[in-house]
Amino acid sequence: MSKIVLYGIDMSPPVRACLVTLKALEVPFEYKVINLGTGENRSPEFLKMNPQGTVPVLDDNGIIVTDSHAICIYLCEKYANTDALYPKDLLKRTEVNQRLFFDASVIYKALWNVSSVFWMRGITEVTKERTDNVHEALRLTETLLEKPYIAGDTVTIADFCCAATVSSVPAVFDIDEQKYPRITAWLSRLSELPYFEKYNNTGAKQYSTFMRSQWTKVEL
């Protein structure tokens, strides 16, 4: 089997989605932590792999894949023994794809709009407009969770990607169990998977703890 290397940091939701997918597929891999604080992601070596300078990056024996959603799809297409995590059925796959795009364009975008001003400009206040956007992303996620999982009755990579982001929302505010009961039950259900606590929840808690220690004001 090819040597797989995943570059990333535990606090990153997209990286955690890839870690969970690798563990779900039981694919051996090496995990290399990239120090974003020292600018390791801006080094010539890293930028050669990913000109965007972002994590995660997957190196599969010289094949470079960037973007967590693309990485998760690639891993399923190449290494999965079944199509459970990424169905081949057109309608089921379409639903999974829609949720992946929803994560990228709605949930993660809302969370990134909150944290990016800190990472890029050192701003430690979160405006109500930004927290409202996160609440709207949660509202839509709650609506989509009509079944046990985000794309149907069984777990897929859409759950790994969306949940990695949603479980990071406590970096801004706690998820209200009364307001978002489906989300609460869904995250609890995923946490029962043998690899989810270690490879997602631990990093999500680290991220939330760090970000909350940096905020001087959060408008709710």
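Residues numbered from 1 in each chain as written. Predicted model: local features only at pLDDT ≥ 70, side-chain atom pairs only at ≥ 80, totals over all residues. Heavy atoms only, no water.

## Notes on the packing of aromatic side chains
Here's step 1: Considering all chains together, one arrives at six aromatic pairs under this definition.
Here's step 2: Pairwise contacts between aromatic rings join Phe 118, Trp 119, Phe 210 and Trp 215 into one cluster.
Here's step 3: For the cation-ring pair, Arg 189 lies above Tyr 149, with the distance from its terminal atom to the ring centre recorded as 5.9 Å. (Phe/Tyr/Trp six-rings, centres within 6.5 Å; stacked < 30°, edge-to-face > 60°. Lys NZ or Arg CZ within 6 Å of the ring centre and 35° of its normal.)

## Section: the packing of helix 1 (residues 13–25) against helix 8 (residues 196–214)
When two helices pack together, their arrangement is given by the angle between the helix axes and by the axis-to-axis distance.
Here's step 1: As a packed pair, helix 1 and helix 8 sit with axes 8 Å apart at the nearest point and diverge in direction by 170 degrees. Between helix 1 and helix 8, the crossing angle belongs to the class labelled roughly antiparallel. The two elements helix 1 and helix 8 cross, and the hand of that crossing is right-handed. When helix 1 is examined against helix 8, the residues Arg 16, Leu 19, Val 20 and Lys 23 are found in contact with a partner set consisting of Phe 196, Tyr 199, Asn 200, Gly 203, Ala 204 and Tyr 207.
Here's step 2: Residues of the contact of helix 1 with helix 8, tallied by class, amount to six nonpolar, two polar and two charged. (Axes fitted to C-alpha atoms, helices over the stretch in contact; angles between N-to-C directions. Helix = DSSP H or I, 4+ residues; strand = E, 2+ residues; numbered from the N terminus. Parallel < 35°, antiparallel > 145°, perpendicular 65-115°, else oblique. Left-handed = near helix turned anticlockwise from the far one by under 90°. Contact = heavy atoms within 4.5 Å. Nonpolar A, V, L, I, M, F, W, Y, C, P; charged D, E, K, R; others polar.)

## Things to note about the sheet that holds strand 4 (residues 63–66)
Here's step 1: If you trace the four strands from one edge of the open sheet to the other, you get 2-1-3-4, paired in mixed fashion. Every other strand in the sheet has two partners, leaving strand 2 (30–33) and strand 4 as the edge strands with one partner each. The average undirected angle you get between the axes of adjacent strands in this sheet is 20 degrees.
Here's step 2: Where strand 3 (residues 57–60) meets strand 4, four bridges bridge the pair, whose relative direction is antiparallel. Counted as the bridge partner of Val 57 is Thr 66 from strand 4.
Here's step 3: Contacting strand 1 (4–8) and strand 2, helix 1 crosses the sheet at an angle of about 155 degrees to strand 1. (Pairing = 2+ DSSP bridges.)

## Notes on the UniProt feature "domain: GST C-terminal" (unreviewed entry) in the protein
Here's step 1: Here the UniProt feature "domain: GST C-terminal" (unreviewed entry) sits at residues 89–211.
Here's step 2: Helix and strand shares over residues 89–211 are 70% and 2% respectively, and the end C-alpha atoms of the span are 40 Å apart. (UniProt positions renumbered as here; feature names shortened; annotations may be inferred.)

## Considering the domain arrangement of the protein
Here's step 1: In terms of domains, the protein is made up of domain 1 (4–79) and domain 2 (90–218).
Here's step 2: The interface is formed by 16 residues belonging to domain 1 together with 23 residues belonging to domain 2.
Here's step 3: Approximately 1700 Å² of surface area, both sides summed, lies buried where domain 1 meets domain 2, with 74% of it carried by carbon and sulfur atoms.
Here's step 4: The largest share of the area that domain 1 buries against domain 2 comes from Met 11, Arg 16 and His 69, three residues that together contribute 36% of it.
Here's step 5: The interface formed by domain 1 and domain 2 contains one salt bridge.
Here's step 6: Across the pair Glu 77 and Arg 93 runs a salt bridge whose closest N-O atoms are separated by 3.0 Å.
Here's step 7: Contributions of two or more residues to the side of domain 1 that touches domain 2 are made by helix 1 and helix 3 (68–79).
Here's step 8: Sort the elements by how many residues they give to the side of domain 1 that touches domain 2 and helix 1 lands first, with nine residues.
Here's step 9: Of the residues in the side of domain 1 that touches domain 2, the class split is 10 nonpolar, two polar and four charged. (Domains from an automatic or database assignment. Buried area = accessible area lost by both parts, 1.4 Å probe. Salt bridge = Lys/Arg side-chain N within 4 Å of Asp/Glu carboxyl O.)

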